[in-house]
Amino acid sequence: MDAGVGARIGLVVGLALVACLGVAWGVGGLVARFGLHSLAGFDDQMTQVLKVGYDKTVAMNSLPPEFRRFWFSPEFRAGYVLAMFGVVSGILLVMSTVGGAVGGFMRMRRNISA
């Protein structure tokens, strides 16, 4: 086993982790939203984050009023959450690939008879 094989194993494990994490977050969100009705705090935090981002964007340049409607729409919120999941997934994939490469490098056989 060398670093390349370890990196491929780490990538596959990372992809499985991202898939399981996505399913767990999706099911947990559905249960929390529609079963337990307990996402009011999350909605408030999301509204505050979007308002701060909108205020910063408007301060940099003027925007048409349609932009405000889009920024606070449910579709934008869903896209924002999916984008953040994509960032977390990318970080997990990089970390698992690097970890697999380091593990493969550590298990690599070395010729000492030189």
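Residues numbered from 1 in each chain as written. Predicted model: local features only at pLDDT ≥ 70, side-chain atom pairs only at ≥ 80, totals over all residues. Heavy atoms only, no water.

**Q** Would you take a moment to explain a nonpolar patch on the surface for this structure?
**A** A cluster of nonpolar side chains, Val94, Val98, Val102, Phe105 and Met106, forms an exposed patch at the surface whose accessible area comes to about 490 Å². Positionally, Val98 belongs in helix H4 (residues 74-106). Taking the relative accessible area as the measure of exposure, Val98 reaches 46% and is therefore partly exposed. (Patch = residues over 30% accessible without salt bridge, like charges linked within 9 Å, V, L, I, M, F, W, Y side chains within 5 Å. Areas by Shrake-Rupley, 256 points an atom, 1.4 Å probe, with all protein chains shown as cover. Salt bridge = Lys/Arg side-chain N within 4 Å of Asp/Glu carboxyl O. Helix = DSSP H or I, 4+ residues; strand = E, 2+ residues; numbered from the N terminus. Buried < 20%, exposed > 50% of the residue type's maximum accessible area, 1.4 Å probe, protein only.)

**Q** Got a minute to help me understand the confidence of the model for the protein in this structure?
**A** When pLDDT is low, close inspection of the predicted coordinates is not appropriate. Scored by pLDDT, the protein comes out at a mean of 87, with 96% of its residues at no less than 70. Per-element confidence in the protein ranges from a low mean pLDDT of 83 for helix H3 (residues 65-71) to a high of 92 for H4. (pLDDT = per-residue confidence, 0-100.)

**Q** Would you mind showing me how to read the side chain of Thr57 here?
**A** You can see Thr57 is positioned in helix H2 (residues 40-60). Residue classification places Thr57 among the buried positions, given a relative accessible area of 18%. Once residues lying within four places of it in the same chain are set aside, the contact partners of Thr57 are Leu63, Phe67 and Trp71. (Contact = heavy atoms within 4.5 Å.)

**Q** Please explain helix H1 (residues 3-35) as it appears in this structure.
**A** Turn by turn, an α-helix covers 3.6 residues, leaving residues three or four places apart pointing in a common direction. With 33 residues, H1 ought to run about 48 Å at 1.5 Å a step, and its terminal C-alpha atoms sit 46 Å apart, in line with that. Taken together, the buried positions of H1 are Gly6, Ala7, Gly10, Gly14, Val18 and Ala32. If you follow the buried residues of H1, they end up packed against H4. Two residues or fewer past H1, His37 is found with a positive phi of approximately 50°. (Expected span 1.5 Å × (residues − 1).)

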